[in-house]
Each structure stands twice: as C-alpha cells, then as structure tokens.
Amino acid sequence: MAESWANFGVDLHLDVDTGGGGRRQAVERALREAIRSGRLAPQTRLPSTRALAAELGLARNTVAAAYEQLIAEGFLTARTGSGTTVVGLPEPPAAGTLRAPRPAPRYDLRPGSPDVATFPVDAWVRATRRAVASVPASAFDYCDPQGRPELRVALAEYLGRARGVLADPEHIVVCSGYVQALALLARVVGGPIAMEDPGLAFHRDVVRHAGVEVLPLPVDDDGARTDQLGHGHLVPARAAVLTPAHQYPTGVTLHPSRRRAAVAWASAQNGLLIEDDYDGEFRYDRQPVGALQGIAPECVVYAGTAAKTLAPALRLAWLVLPDRLVEPVTQAKRLTDLHTEIIGQLTLAELITSHAYDRHIRSCRLHYRRRRDLLIERLGRRHRLHGIAAGLHALIRLPATGPGEDQVVQRAAAHGLAVGALRPHWHTPDRTTAQGLIVGYATPTTASYPAALDTLASALGEA
C-alpha cells in the first residue's frame, strides 16, 4: 500500500468514515461532501477506480460502485478515454468568494509599468534552459540570502559597464523586488528618512510600514533639494531616497551641484543616500547619466530592478551596498524570506552574460523613444512635457487657470481613459501644490496607443 501511495498520480484527501454505513456509502459521502464544499471543482479529473482503491485500501469494486452512484446523481461524469470528472458544484460560500476584478479601462496611460508585450519570451526560455542545464543540482537547494553568485557576478560587470556603478559581487544583495529592497534598508538604517516631494506615495507607505518616519525633501527643476539636507526640518534625517537619473514623477535629472551637495551631506553627517535607479537605462537624447554611487560608493546604496527593463512579474531587484551594510542587510533578508527565488536569478544571469539583456534594452529604448515622440506629436504645442527625454512616463503640467487636474482625469475616465494624476504624489497635497498628469506611455498595447493619445488630447481640450 505504501508503494502504491508513493506512486499515486493525484493527491485526493478523502476522510472515509464507515461509522454510518458500509464502505461504499463512506466513499460516496466523502466524495459528495468534497464536491459540495468546493474542494473538488468542476472539471477535476478523479483517479481511476484502481488507483483510488489502492490509495484507500479498499476493493476496486467498492470504489467503482461509489463512482457509479455519483454519476447517477449527477455529481460525476465518465467518458471513455477521458476518465471520471466532477460536474456538480453548488455556489461556494460567501467567505470563499473571490472579489470580482475591477473593469479594465479601455485605454490605460497610467504610469508604473513597462510594455509587458516586449518581454523577451523566447530569449528568456532559451536562457532558462541553458542556465538550469549548466548548474549543479545543489543550485536548486536553499540559497545564500545575498543571491546566487552567478547573478551577482553578472550584475557587477553589467552595472559597472552600463551604469558606472563601482560594485563587486560581495557587496550585492539580490532582493524580491525594489519594494522589499526599500523595506530592508528602512529597517536596517532606521530613520527618519528623507524622500522626494513629490514622489511615489506607495514607497513612502513602505518606509512607514517599516516603522520609520518620512520627511519631505522638496524637488524643483534641478531635482531634489539636497542642499537642504542637514537644515530645518531635515536635520534629523539619517538617509535620503533619491531618483537622480530621472526623478519620479517630475522627470528631471539631479543637477551636478545637487549631486555634490548630497554626497557632502552624507560624508559629513554619516548619512546614507539610497539611489533608486528604476529606469536609468532609458535615456533617449544622449548617453544616460552615470549612477551617483560611482562617485561615493561608501555613502550611497545603489538600487536597481528588472521591473522596468523586463517585467514587474519577475520580482528581481538588487542592492549594491557600502561595506558596513552588507552583513546587516543580508541578515535582514535572511529573516524576511531567506532568499529570492533561484530560477529567475540564474536565468537573468544568463541573459546578462550572453548580452541578450543588452540587446533587449536597446530594442526597448527605441520602442519607448518612438512612443514618447508620438506623445509629443499628438499633444501639439499647448501641452509640453516636463523633464528630460527619458524613462517610461512624462509629466504634463496643468496651468493654474483652466480645467483642474480632477476635472481632466474625470473627463478622460468618461471616455474610457485612465491616466495618472500628480496630486497624490505630494506629501501633503493642497490647493497650492502644482497640478498635472503623469502619462505612462509604455503601458498601452501598440494597437491602442494612438487612440489612447487622441482621447488624452480631447480630455486636455485639444479637439
């Protein structure tokens, strides 16, 4: 019996209680209750009578008779060559009902996601096959919390070459997405932490959820006001989160003088700069600005992610840490989820070392540049984009006179268009804060993109 159970093809938990009748009736009750409760869903294929009989330690005829009775009652159906399947299921109880998904907008110009249709499926499959075929079996065991050495070595080379990061594999920690990376840093470094204003509200929530106070760091056309670190309400700050290459959501780049001010503050006050390089590879008018970490590796944590270059679904990000933070961040990672999933790490390492990752980024860079150019063309001269030619989103400032942000967003929604609003990105939004729309031009499908832009232009008052 033990051998039959070990080789059993389908796990089917049945409590066969013969206290209220014979064995056949017990099997019927167990199966009937499993179907009624929803544990056995419609179209679930049941094991053969021989296999289930062996698993339950019963005679095959007993199980066959139970199947026949449930077929007669309409709970099961049997077809030659297809086996026996479940067909009857009442409405599930309210507690187990899944929430109905919200209707998707007809056109989606909300920021935050790349064009997921560009995900290099074929290259990823080939890289996965090569990666898993070339590693020892031990690679599929529990992993070093810092991440697989193959990926850390590949990242050190790539980040130094493409982003000007000074990294070695021993200073890299692979995380399950940037959100986890930020949460780990908040717990290890403590606070308060200065975060750009405006900035992504969700990231502020992540830091606060880690028990750390957030201080607003103003942003202007030269980027974050790092010259204010160490002054006024920012005196208590122990760290600052910056997006130097392409500020989110204003789209500006951090001015060289502000870079120097940030490093000077961190050096003098033993502070920490957290560089969120979420879309640093995507600069369209010139070579991307090198990472801030490259000029002060002992003061800056570099945070990168595959969410924008490949897909958010991968949940792969990385931290390049100063020496003093490697052990505490690694320990925090160990206590959070032990390690990031391994197959994705091995595959990304193979993509990078084979240069398929570079080819993919170059292809996406051209794709997104064309989308941004079309956005400019469709909006005309009345609505100019704010910030540099980079990234996957653009900010459209709205004038103080004319339709307000809420009105434009509602007008767009009435025509099936979802678009981002600037107001939620301010730490304390009020009537004096600037208004605007954040357009995620990477999100729509290629087929729907022109129509989405026409709808946006109409919502902005362009006939």
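In the block above lies the structure referred to throughout.
Residues numbered from 1 in each chain as written. Predicted model: local features only at pLDDT ≥ 70, side-chain atom pairs only at ≥ 80, totals over all residues. Heavy atoms only, no water.

**Student:** What's the story with the packing of aromatic side chains in this structure? I'm lost.
**Tutor:** Working definition: an aromatic ring pair is given by the centre-to-centre distance plus the angle between the planes. Under the definition given, this model contains four aromatic pairs. Ring geometry for Tyr248 against Tyr278: centres 6.2 Å apart, planes inclined by 90°, an arrangement best described as edge-to-face. Remark: Tyr278 occurs in the loop between β9 (272–276) and β10 (300–305) and Tyr248 occurs in the loop between β8 (239–242) and α9 (256–269); sequence separation between them is 30 residues. Taken individually, Tyr248 and Tyr278 each receive the classification buried, so the pair is uniform in this respect. The aromatic ring of Tyr449 is capped on one face by Arg371, whose charged end is 4.8 Å from the ring centroid. (Phe/Tyr/Trp six-rings, centres within 6.5 Å; stacked < 30°, edge-to-face > 60°. Helix = DSSP H or I, 4+ residues; strand = E, 2+ residues; numbered from the N terminus. Buried < 20%, exposed > 50% of the residue type's maximum accessible area, 1.4 Å probe, protein only. Lys NZ or Arg CZ within 6 Å of the ring centre and 35° of its normal.)

**Student:** Looking at this structure, I do not really get the environment of Arg334. What am I missing?
**Tutor:** With respect to the helices, strands and loops of the structure, Arg334 is situated in helix α10 (residues 323–337). Spatially, the C-alpha atoms of Arg334 and Thr443 are 34 Å apart, while their sequence positions differ by 109 residues. Apart from residues no more than four positions distant in its own chain, Arg334 is found in contact with Pro145 and Glu327. (Contact = heavy atoms within 4.5 Å.)

**Student:** I tried to follow the sheet that holds strand β7 (residues 223–224) on my own but got confused; where do I start?
**Tutor:** In a beta sheet, neighbouring strands pair by backbone hydrogen bonds and run either parallel or antiparallel. Strand order in the open sheet made by the eight strands is β4-β11-β10-β9-β8-β5-β6-β7, with mixed pairing throughout. At either end of the open sheet lies a strand with only one pairing partner, and these are β4 (172–175) and β7. One ladder, built from two bridges, connects strand β6 (residues 214–220) with β7; its direction is antiparallel. Residue Asp220 lies in a different strand from β7, and its bridge partner there is Gly223. Sheet strands in contact with α10 are β4, β9, β10 and β11 (317–320), and its direction is about 25° off that of β4. (Pairing = 2+ DSSP bridges. Axes fitted to C-alpha atoms, helices over the stretch in contact; angles between N-to-C directions.)

**Student:** Please clarify how a positive patch on the surface should be interpreted in this entry.
**Tutor:** A cluster of basic residues, Arg126, Arg129, Arg359 and Arg362, forms a positive patch on the protein surface. At the level of elements, α5 (121–134) and α12 (356–379) are the ones that each hand at least two residues to the positive patch. If you trace the backbone, Arg126 turns up in helix α5. Relative accessible area serves as the criterion here: at 44%, Arg126 is assigned to the partly exposed category. (Patch = residues over 30% accessible without salt bridge, like charges linked within 9 Å, V, L, I, M, F, W, Y side chains within 5 Å. Areas by Shrake-Rupley, 256 points an atom, 1.4 Å probe, with all protein chains shown as cover. Salt bridge = Lys/Arg side-chain N within 4 Å of Asp/Glu carboxyl O. Lys, Arg positive; Asp, Glu negative; His and termini not counted. Charge placed at Lys NZ, Arg CZ, Asp CG, Glu CD.)

**Student:** What's the story with the pairing of strand β14 (residues 417–421) in this structure? I'm lost.
**Tutor:** Walk down a regular strand and you will see the side chains alternate between the two sheet faces. Burial within β14 is extensive, with five of its five residues counted as buried. When strand β3 (residues 107–109) meets β14, the two strands line up parallel, connected through three bridges. Across the sheet, residue Asp108 finds its bridge partner in β14, namely Ala418.

**Student:** Hey, could you run me through α10 in this one?
**Tutor:** Helical geometry: 3.6 residues make up each α-helical turn, so side chains three or four residues apart lie on a common side. Between its terminal C-alpha atoms α10 stretches 22 Å, which fits the 21 Å expected from 15 residues at 1.5 Å a residue. Of all the positions in α10, only Leu325, Val326, Val329, Thr330, Ala332 and Lys333 are classed as buried. Seen end-on, α10 carries its buried residues on one side only, within an arc spanning 165°. Of the residues in α10, the exposed ones pointing more than 90 degrees away from the buried face are Glu327 and Leu335. Summarising the contacts, the buried residues of α10 are in contact with β4, α7 (178–189), β9, β10 and β11. After α10 finishes, the residue Leu338 shows a positive phi value of roughly 70°. (Expected span 1.5 Å × (residues − 1). Arc of directions from axis to C-beta.)

**Student:** Would you take a moment to explain the sheet that holds strand β13 (residues 394–397) for this structure?
**Tutor:** Strand order across the open sheet formed by five strands is β3-β14-β15-β13-β12, with mixed pairing between neighbours. Looking at strand neighbours, the two that pair on one side only are β3 and β12 (385–386), the edges of this open sheet. Both β13 and strand β15 (residues 436–439) contribute to a ladder of four bridges, which runs antiparallel. Pairing of Arg397 across the sheet is with Gly436, part of β15. Along the sheet face, helix α14 (residues 449–459) touches β3, β13, β14 and β15 and points at about 75° away from the line of β3.

**Student:** Teacher, can you tell me more about helix α6 (residues 149–163) here?
**Tutor:** With 15 residues, α6 ought to run about 21 Å at 1.5 Å a step, and its terminal C-alpha atoms sit 20 Å apart, in line with that. Regarding α6, the residues found buried are Leu151, Arg152, Ala154, Leu155, Ala156, Tyr158, Leu159 and Arg163. Buried positions along α6 lie against β4, β10, β11, α11 (342–353) and α12. Positive phi shows up at Gly164, right after α6, with a value of about 70°.

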